[in-house]
Each structure stands twice: as structure tokens, then as C-alpha cells.
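Residue-level listing of the chains:
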Amino acid sequence: MSERCIGCGTCAKVCPFGAPTIDESAKKCKKCDFCYDLIKNGKNPACVDVCNARALDFGELDDLKAKYAGAKSVGGGTKASTLIIKKSFHLRKDFLQSVL
């Protein structure tokens, strides 16, 4: 990750837990460890459990593929993988106006 990091800080800004941080001396991101301390105790990373939209899940890839049949597998050139599930939703006009 550090060789691909451009030091923009976007990951640190959007993570609600402050897990990725920018190392000011190296101008690179120190990445999230998926709450290793929680995982080793059989729990999910904090972001998975507190995601209000339930958009995140965590586990072995084969288990997630079975749980979310029909999901597309996306590889980003790393050993980590992401499953994408197409969902439709509509936002209320008043919500859109409040955030724009």
C-alpha cells in the first residue's frame, strides 16, 4: 500500500474511526488493520458493526460469496477482495436538498 499511496489523505478524512492516518514525516498513509485486536477475539472490525446502512460485511471470501450469491467479485490487484451487490434505492428530495 505505501508504495501506491500518494499521501493525499482522503482515506484518513473519510474513515469515521481515524484508522488510516497520514505519517507526516513519510507523507504516506499508515493503513487500517481492520481492527486486528477485535478480529483475533472473533469480532468484526468496528466499521462493519456500526455501519448504519449495513453496507459492510467482513469474513472469509468464500463464506461471503455463499452468503451473497450473485455478487460480483472485484479484485483491485491486491490480495484483498471486494464483493459488489447491486442495490436500488431512492433518496428523498428534501434529503438531497439538505446535503447539496
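Remember, it's a predicted structure, so these values are computed and weren't measured experimentally.

**Side note on the packing of aromatic side chains**
On inspection of all chains with the given rule, the structure shows one aromatic pair. Between the aromatic rings of Phe 34 and Phe 58, the centroid separation amounts to 5.9 Å while the plane-to-plane angle is 35°, which identifies the pairing as tilted. Of this pair, Phe 34 sits in the loop between strand E2 (28-30) and helix H2 (36-39) while Phe 58 sits in the loop between helix H3 (46-50) and helix H4 (61-67); the two residues are 24 residues apart in sequence, bridging distant segments of the chain. Looking at Phe 34, the relative accessible area reads 45%, which means it is partly exposed.

**Structural notes on the pattern of salt bridges**
Overall, the coordinates contain two salt bridges when judged by the stated rule. Residue Lys 67 pairs with Asp 57 through a salt bridge whose shortest N-O separation is 2.8 Å. Residue Lys 67 is located in helix H4, and its partner Asp 57 is located in the loop between H3 and H4; the two are separated by ten residues in the primary sequence. Take Lys 67: its relative accessible area is 55%, and that puts it in the exposed class. Looking at Asp 57, the relative accessible area reads 30%, which means it is partly exposed.

**Brief notes about the confidence of the model for the chain**
Should pLDDT be low for a region, the predicted coordinates there are not to be read in detail. Scored by pLDDT, the chain comes out at a mean of 76, with 71% of its residues at no less than 70. Element-level mean pLDDT values for the chain span from 62 in helix H5 (residues 93-99) up to 89 in H2.

**Some details on unusual backbone geometry**
Glycine aside, a negative phi is what most residues show, and trans is what most peptide bonds show. For Lys 27, which is not glycine, the phi torsion reads 55° and is therefore positive. Within the secondary structure, Lys 27 sits in the loop between strand E1 (21-23) and E2. One non-glycine residue, Cys 35, lies in positive phi territory at about 55°. Structurally, the position occupied by Cys 35 is in the loop between E2 and H2.

About the thresholds
- Residues numbered from 1 in each chain as written.
- Predicted model: local features only at pLDDT ≥ 70, side-chain atom pairs only at ≥ 80, totals over all residues.
- Heavy atoms only, no water.
- Phe/Tyr/Trp six-rings, centres within 6.5 Å; stacked < 30°, edge-to-face > 60°.
- Helix = DSSP H or I, 4+ residues; strand = E, 2+ residues; numbered from the N terminus.
- Buried < 20%, exposed > 50% of the residue type's maximum accessible area, 1.4 Å probe, protein only.
- Salt bridge = Lys/Arg side-chain N within 4 Å of Asp/Glu carboxyl O.
- pLDDT = per-residue confidence, 0-100.

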